[in-house]
Amino acid sequence: MYSALELNVHGLFAMVCLHVLWFKDKMLGFSPPINPLKKNLCGYVAVVTGGNTGVGRETALGLARGGAAVIIGCRSAPRGAAAAASLQRELHAACPKQHPWARSGSVTCLPLDLSSFLSIAAFASSFLAKFAHLDILVNNAGLNKQSVNSNGLQELFMVNYLGHYLLFRLLEPALTTRNATFDLNDREHDSEARVVNVSSLMHHVGNSDFEKSAFTKYSKGLGSYYADSKLYMNYLTIEINKRFLLRTPPSKGRKVSAISVNPGAVRSDIWRHVPAYLKYPFDLFMRAYFLTVEQGAATSLFGATAKVNVDERILPSPLLPYVVPYRVHFGWLAFEALGPFGGATFGTPTLPPDSVEKALELW
């Protein structure tokens, strides 16, 4: 694992490298496109938490353009309904040549407050009453502001990790149920369900202090709480792959694979809690150096649809496929801190030596 000081040093180095890489790309005329999904998702059902705004909205739009029926989870029912209606309009206006399956896709909303156990249970109950199977679960919603919920838990821990863990467990029956839309021998479309866990660069400095992360009686800095929660999302990926991908599935069920993704430093409303006196200069900084939400969603869309075999030795950590939106040269962390958009590619996560044991303990 890295220390906060090491991360800051890599960040400063990244600023220098960023300008060098941008200059090189400009001279060579290199600009990686944000390619639309090439996979036909007609017949798929997907859930995207926090799908009403930012990277989550773009992820939901991308999946729906592929033909999937997408359900977005949003804390505010009115905002969620408005987002779903807006996304539906975009689907109907999509270019048929660029998005041939968009007219088959749909977006609806169900209320979901990941800081509330009751809301998570209600969301799962409503989903299971309407859908027999779930093919893609994108655990996208997140906070970067420290607060305490009514249960006395840190909201960063509850929303960024624990709520998603509970949601996965409640939706497990739908994830392991085969999609009746496809033939039993159609391995191309129904070989496994996929869970995408949105992690972050900050996981590199996270700690496995489960009690300290969860309860308010311990004092930790904001960065620590957030970093810990994103490390825990990687633990969730490890444990899902151990339990639901590497084991023999039920006779009438299917396997579930998980992948962690880093959307990168994205200019989105996750930064809405920046102090008022910093909003304008910080927005100028984001416009100059951060990725767009379309670029940030590229890793989630790749993670939702790409074929990944966790046994492949090409992956730095076979149980933890980890995707980044940058070209990470020489494996240096600096290139994952900031950089020009390079398209979704496998990166190298940082894990403690006992990560498999910690993932099991957290589960």
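Just so it is clear, the structure is predicted and the values come from calculations on it, not from any experiment.

Caption draft 1: Looking closely at the overall build of the protein chain. In terms of regular secondary structure, the protein chain is built from 12 helices and 8 strands. Across the 363 residues in the protein chain, those meeting the buried criterion constitute 53%. Within the protein chain, contacts between residues at least 6 apart in sequence are counted, and of these 76% link residues at least 24 apart.

Caption draft 2: Molecular detail of the pairing of strand β5 (residues 192–198). In terms of burial, β5 is largely enclosed, as 6 of its 7 residues are buried. In terms of strand pairing, β5 meets strand β6 (residues 255–261) through 7 bridges, oriented parallel. Its bridge partner being in β6, Val 198 is matched across the sheet by Val 261.

Caption draft 3: The arrangement of the environment of Ile 120 in detail. Mapped onto the fold, Ile 120 is located in helix α4 (residues 117–130). As for Ile 120 and Leu 166, which are separated by 46 residues in sequence, their C-alpha atoms are 7.5 Å apart. Setting aside chain neighbours within four positions, we find Ile 120 in contact with Leu 112, Asp 113, Leu 114, Met 158, Gly 163, Leu 166, Leu 167 and Leu 170.

Caption draft 4: Representation of the packing of aromatic side chains. Across all of its chains, the model carries 13 aromatic pairs by this definition. When the centroid spacing of 5.3 Å and the interplanar angle of 80° are considered together, the rings of Phe 168 and Phe 244 count as edge-to-face. In this pair, Phe 168 is assigned in helix α5 (residues 155–175) and Phe 244 in helix α8 (residues 222–245), connecting sequence segments 76 residues apart. The class for Phe 244 is buried, based on a relative accessible area of 5%. Ring plane angle 65° and centroid distance 6.1 Å describe the contact between Phe 168 and Trp 363, whose orientation is recorded as edge-to-face.

Caption draft 5: Quick look at the nonpolar core. Counting residues in hydrophobic clusters, the biggest one holds 47 residues, and the most contacted among them are Phe 127, Leu 134, Leu 137, Tyr 161, Phe 168 and Ile 240. Breaking this core down by element, the ones donating at least two residues are β1 (45–49), α4, α5, β5, α7 (210–214), α8, β6 and α12 (355–362). Broken down by element, the residue count for this core peaks at 12 residues, all from α5. Excluding residues that lie within four positions of it along the chain, Phe 168 makes contacts with Leu 137, Leu 175, Val 195, Ile 240, Phe 244, Val 256 and Trp 363. If you look at the next biggest cluster of nonpolar residues, it comprises 29 residues, including Ala 46, Ala 60, Ala 64 and Ala 306.

Caption draft 6: Quick look at the confidence of the model for the protein chain. Chain-level pLDDT for the protein chain is 82 on average; 78% of the residues reach the 70-or-more range. Mean pLDDT values over the elements of the protein chain span from 56, in helix α6 (residues 187–190), up to 98, in strand β4 (residues 136–139).

Caption draft 7: Examining the sheet that holds strand β3 (residues 106–111) more closely. Ordered in space as β3-β2-β1-β4-β5-β6-β7-β8, the 8 strands form an open sheet in which the pairing is mixed. Edge positions in the sheet fall to β3 and β8 (341–346), since each of these pairs with one other strand and no more. Between one strand axis and the next, the sheet turns through 20° on average, direction left out of account. Judged from the 4 bridges that link them, β4 and β5 form a sheet pairing that is parallel. Directly across from Val 138, in β5, lies its bridge partner Val 196. In this fold helix α3 (residues 77–92) packs onto β2 (69–74) and β3, with an angle of close to 175° to the strand it touches most, β3.

Caption draft 8: A look at the side chain of Asn 234. In this fold, Asn 234 is placed in helix α8. Discounting chain neighbours no more than four positions away, the residues touching Asn 234 are Ser 199, His 203, Ser 260 and Leu 320.

Caption draft 9: Summary view of the environment of Leu 291. You can see Leu 291 is positioned in the loop between α9 (276–289) and α10 (293–305). Using a relative accessible area of 3% as the deciding quantity, one classes Leu 291 as buried. It is 6.0 Å that separates the C-alpha atoms of Leu 291 and Ala 265, two residues lying 26 residues apart in sequence. With residues near it in sequence (within four places) discarded, Leu 291 still touches Pro 263, Gly 264, Ala 265, Val 266, Arg 267, Pro 325, Tyr 326, Gly 339 and Phe 341.

Caption draft 10: Structural view of α9. If you check α9, its first and last C-alpha atoms are 20 Å apart, about what 14 residues at 1.5 Å a residue would give, namely 20 Å. At Phe 282, α9 shows its strongest bend, of approximately 30°.

Caption draft 11: Region of the structure containing α4. Its 14 residues give α4 an end-to-end C-alpha distance of 20 Å, which sits within 8% of 20 Å, the value for a rise of 1.5 Å per residue. If you check which residues of α4 are buried, you get Ser 119, Ile 120, Phe 123, Ala 124 and Phe 127. Each buried residue of α4 sits inside an arc of 135° when the element is viewed along its axis, so together they form one side. In α4, the exposed residues that point more than 90 degrees away from the buried face are Leu 118 and Ala 129. The inward-facing, buried residues of α4 contact β1, β2, β3 and α5.

Caption draft 12: Representation of the side chain of Asn 197 within the structure. Position of Asn 197 relative to the elements: it lies in strand β5. Owing to a relative accessible area of 0%, Asn 197 belongs among the buried residues under this scheme. Sequence-distant contacts of Asn 197, that is, excluding residues within four places in its chain, are made with Asn 139, Met 233, Leu 236, Thr 237, Ile 240, Ala 258, Ile 259, Ser 260 and Val 261.

Caption draft 13: Main features of the packing of helix α2 (residues 54–65) against α10. Taken N-terminus to C-terminus, the directions of α2 and α10 make an angle of 55°; their axes are 8 Å apart at the nearest point. The angle between the axes of α2 and α10 places the two elements in the oblique class. Note on packing geometry: the crossing formed by α2 with α10 is right-handed. Within the contact between the two elements, α2 uses Gly 54, Val 55, Glu 58, Thr 59, Gly 62 and Leu 63 and α10 uses Val 293, Glu 294, Gly 296, Ala 297, Ser 300, Leu 301 and Ala 304. For the contact of α2 with α10, the class distribution of residues is 6 nonpolar, 5 polar and 2 charged.

The rules we used
Residues numbered from 1 in each chain as written. Predicted model: local features only at pLDDT ≥ 70, side-chain atom pairs only at ≥ 80, totals over all residues. Heavy atoms only, no water. Helix = DSSP H or I, 4+ residues; strand = E, 2+ residues; numbered from the N terminus. Buried < 20%, exposed > 50% of the residue type's maximum accessible area, 1.4 Å probe, protein only. Contact = heavy atoms within 4.5 Å. Pairing = 2+ DSSP bridges. Phe/Tyr/Trp six-rings, centres within 6.5 Å; stacked < 30°, edge-to-face > 60°. Core = buried A, V, L, I, M, F, W, Y, C linked by side-chain atoms within 4.5 Å. pLDDT = per-residue confidence, 0-100. Axes fitted to C-alpha atoms, helices over the stretch in contact; angles between N-to-C directions. Expected span 1.5 Å × (residues − 1). Bend = angle between axes of the 7 residues up to and from the residue. Arc of directions from axis to C-beta. Parallel < 35°, antiparallel > 145°, perpendicular 65-115°, else oblique. Left-handed = near helix turned anticlockwise from the far one by under 90°. Nonpolar A, V, L, I, M, F, W, Y, C, P; charged D, E, K, R; others polar.

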